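Listed below are the residues making up each chain.
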Amino acid sequence: MTAQPDQAALLLDMRDIQKRFAGIPALADASLQVLPGEIHALIGQNGAGKSTLIKVLTGYYRRDAGQVLFERKPFEVGSPHQAQVSGISTIYQEINLVPLRSVTENICLGREKRRRGLLDWSAMHAEAERLLSRFSIGIDVRRPLSDFNTATQQMVAIARAIGFSARLVIMDEPTSSLDEREVSVLFSVIRQLKADGVSVLFVSHKLDELYEVCDRVTIMRDGRTVRSAAMSDIGKLELVAAMLGRDVAAVEGHATAFGERDRSRIGDVLFTAQGLAAGQLVRDVSFDLRRGEIAGFAGLLGAGRTETARLVFGADRRSAGEMTMEGASYHPARAADAIAAGMGFCTEDRKAEGIVPEMTVAENITLALLPKISRNGILNEARQKEIVERFIRELDIKCSGPNQKVRELSGGNQQKVLLARWLAMNPKLLILDEPTRGIDVGAKAEIQRLIRKLADDGLGVLMISSELEEVMEGADRIFVLREGVRVAELEGQAADEEDVLAAMAHGGAAKEAA
Amino acid sequence: MSDLATPSAANDAGNRRFDVFGFLARYGTVIALVLLVVFNLAYTRNFATLQTLNVNLTQVCTIVIVAVGMTLVIATGGIDLSVGSLMAISGALAPMIFMGTIFPVGNIYLAVAVAMVASILVAGLFGLFNGWLVSRFRIQPIVATLVLFIAGRGIAQVMTNGNLQTFRVPQFQWIGLARPLGIPAQVIIMAVLVAAAAWALHRTVFGRSILAVGGNEKASELAGIAVSRIKLAVYAISGLCAGLAGLVVIAINSSSDANLVGLGMELDAIAAVAVGGTLLSGGKAAIIGTLLGALTIQLVRYTLLANGVPDAAALVVKAGIIAFAVWLQQQHRV
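Calculation criteria
Residues numbered from 1 in each chain as written. Chains lettered and ligands numbered in written order. Predicted model: local features only at pLDDT ≥ 70, side-chain atom pairs only at ≥ 80, totals over all residues. Contact = placed C-beta atoms within 7 Å. Helix = DSSP H or I, 4+ residues; strand = E, 2+ residues; numbered from the N terminus. Nonpolar A, V, L, I, M, F, W, Y, C, P; charged D, E, K, R; others polar. pLDDT = per-residue confidence, 0-100. Expected span 1.5 Å × (residues − 1). Buried ≥ 20, exposed ≤ 12 C-beta atoms within 10 Å, placed from the backbone. Arc of directions from axis to C-beta. Axes fitted to C-alpha atoms, helices over the stretch in contact; angles between N-to-C directions. Parallel < 35°, antiparallel > 145°, perpendicular 65-115°, else oblique. Left-handed = near helix turned anticlockwise from the far one by under 90°.

Attention now moves to the interface of chain B and chain A. Taken together, the contact between chain B and chain A spans 27 residues of the former and 36 residues of the latter. The element that contributes the greatest number of residues to the side of chain B that touches chain A is helix α8 (residues 205-215) of chain B, accounting for seven residues. For the side of chain B that touches chain A, the class distribution of residues is 13 nonpolar, eight polar and six charged.

Following this line, the structure appears as structure tokens:
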């Protein structure tokens, strides 16, 4: 850690925070120091522990070890509400106010003004107006909150925080649902807060924003604080490297199980996408994929990788762009169209979009296959059994049998079940979104070897991974996405890690001028 | 923001406890049913007679017929409050056709056939409307089906001008009164429906899709299952079942009163499904369980009445059993 600020001057001092969930450490050695009147960025990959750290601070979770000082006094709260009363307010990504009640009610909720036992509405309206006017917002505070747009609702949430005389306001990805104009209004509010001596803890994945508005940054990885520095002392490339854990010199040897690639196995063009776009998240993505090739999508969180994959699979509607599959134009309206065209999609969120937990291993494997193992709508049990047993054997799925509930399997085996679901379709193109996230090292290597073997057998694979080595060593070509735009195309394996990082950080493949 | 680690250890603990509760949740209904039969054999006079069996079966039939459709709807994670009102609609429409209120009747057999098919289909169409609201507009099922829960009975009353229709048409009433081989016709219908639904759930693509949609809708959509069509289908089937049950009720009564046919049926059917072990959150469907659940509720009521407990008190006991069954499932789910 560098640049330790003067301890006596700290507003918030969290040290050696540890938190385990069911024995698994979510925070191993986290610390966070915030000065009075500063805008402090908190960044890290998904699962780095940012949310957990915030929830420990605001009393949502109880920490296992470590100390928290707020204004030089030990800070112990049992709930986010207590934290709010004690001067730490949190504004969440999804604004958790009461949409159908008036702006005034939302601002004054929990600290209503009373006169002779009755609610003093005129005083509360005046209070709400006063708080909002600090941000030059003049709205009718008597109208329900839901009448206003997201940005205004966010301002109301901030005003509410100030109303509790917050000394620290935590903003969890506040800009994710705002457009550019709204973001600039939010930033001026944040600067106003700073001028009033209020500190802001700003969680965001958009690097440009951090540089625009933040004074200092704390970087987390794997439940630890790996670095904290003044924004002006750390370059974008360094920032990304620290987030991904690439601050060590060049990696020796191979970190994954992908191994060397026989490139002669790559065939003709299977799929192309030109200028894909949808909403704010995907703005201009073009790429192509050959038979037997593994194409990797690299990019930071929010770069639009998953969203692009969903467009390709027809899970979301695109607003622009052309695609071809096997030379024919391809317009998926829903997932079933993609499946009919020979695609499969292992989603990033295994639990929410992948497995059907209450169903058996066999039922999960055959979920996309039902039309093919039935006649006139009646399932062919023998055919199902044959297929399921083959995949359990081939992928070495560890289960008590085809009839075990899939929710009882480990993460790695659930992932294999999902792979089996798509492989059973005999697809031509397989999209793998974070195929090895949250599974143990052994299963991870197994899945990586399997992906390579599938590609060797002629399958086109589109792989999204937040683990740089997975993309660097697994992919034959790397497409780097940044804020919804494909900013670079690089040769896999031969690619220079720094080029990939540079493209992820600021869009160009060129080395950063230090 | 996905830092919430999976509490796998907690799951393990749940699995160990699951053994006791899991057993009860699985076989509790059967055990309760056996206990009830044993109790009645010992204490209730004239229990072990064909007549008692027939009385209980005929009373439970309509509930089971409706509950079969309800089980499918609940398996997709939905619910159908409109079934009682749809029974009233089909119960109002059928006599109007075979008694010649709408158009003159030539051949009574033809008229009865048209009446039965048309009223069941109309109920099915209303069910389809429910499914349309749920799948097209993503209205919460409880709200979507509340529309016809309220309006349906009104429609039935408007159709009949609120009049009681009485009739004596054996060509129609076999559905509630005939006893081929001594077995009430509606019991046969019920048995066929239960068997067909149980078979479809386990052996067909449609059944598998229902459970998948209820178990994880997003995953099902991504696996290419036509989620909207499945939802349309289950609500339509629920409507068809309700239409059929409405005919059985008016056949038994020789009359049709739009105010009364199917009144409170939605709750009886949901109760049978819940007691039978189908999760109200979807993804699971125990058709045989639904049958056993309906039988249990019916037998409790019969036992209490046959032993001199007033009907009002019997209702409280019925509620208690439902609460217990649902609590048991909650334990199992931990």
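Residue and element names in this part refer to chain A. Looking at chain A, the pLDDT average stands at 85 and 93% of residues meet or exceed 70. In this model residues 248-253 is a low-confidence stretch, pLDDT under 50, and it forms one contact with partners more than four residues away in sequence or in other chains. Contacts from residues 509-514, a stretch scored under 50 in pLDDT, to residues over four places away or in other chains number 13 contacts.

Time to look at helix α7 (residues 185-203) of chain B. All names here are of chain B. With 19 residues, α7 extends 27 Å from end C-alpha to end C-alpha; this agrees with the ideal 27 Å at 1.5 Å per step. Turning to α7, its buried residues number three or more, namely Gln186, Met190, Leu193, Val194, Ala197, Ala198, Ala200 and Leu201. Around the axis of α7, the buried residues are gathered within 165° of arc, so they sit on the same side. Among the exposed residues of α7, those pointing more than 90 degrees away from its buried face are Val192 and Ala196. In this structure, the buried residues of α7 make contact with α2 (50-75), α6 (170-177), α8, α10 (227-253) and α12 (287-306).

Next up on the list: the environment of Gln33(A). Tracing the backbone through its elements, the reader meets Gln33(A) in strand β2 (residues 24-34). The sequence separation of Gln33(A) and Val68(A) amounts to 35 residues, and the corresponding C-alpha distance is 9.8 Å.

A few words now on the packing of helix α3 (residues 83-98) of chain B against helix α4 (residues 108-136) of chain B. Residues and elements named next belong to chain B. The N-to-C vectors of α3 and α4 enclose an angle of 155°; their axes lie 8 Å apart at closest approach. One element, α3, and the other, α4, form an angle in the roughly antiparallel class. Seen from above, α3 lies across α4 with right-handed handedness. Within the contact between the two elements, α3 uses Leu86, Ile89, Ser90, Leu93, Ala94, Ile97 and Phe98 and α4 uses Ala111, Val112, Val114, Ala115, Met116, Ala118, Ser119, Ile120, Val122, Ala123, Phe126 and Gly127.

This part takes up the confidence of the model for chain B. All names here are of chain B. The predicted model of chain B averages 87 in pLDDT, with 91% of residues at 70 or higher. Taken element by element, chain B is modelled with least confidence in helix α1 (residues 8-43), mean pLDDT 66, and with most confidence in α10, mean pLDDT 96. Counted against residues more than four places away or in other chains, residues 1-18, with its pLDDT under 50, gives 23 contacts. For this predicted complex, the interface confidence reaches an ipTM of 0.83, while the overall pTM sits at 0.74.

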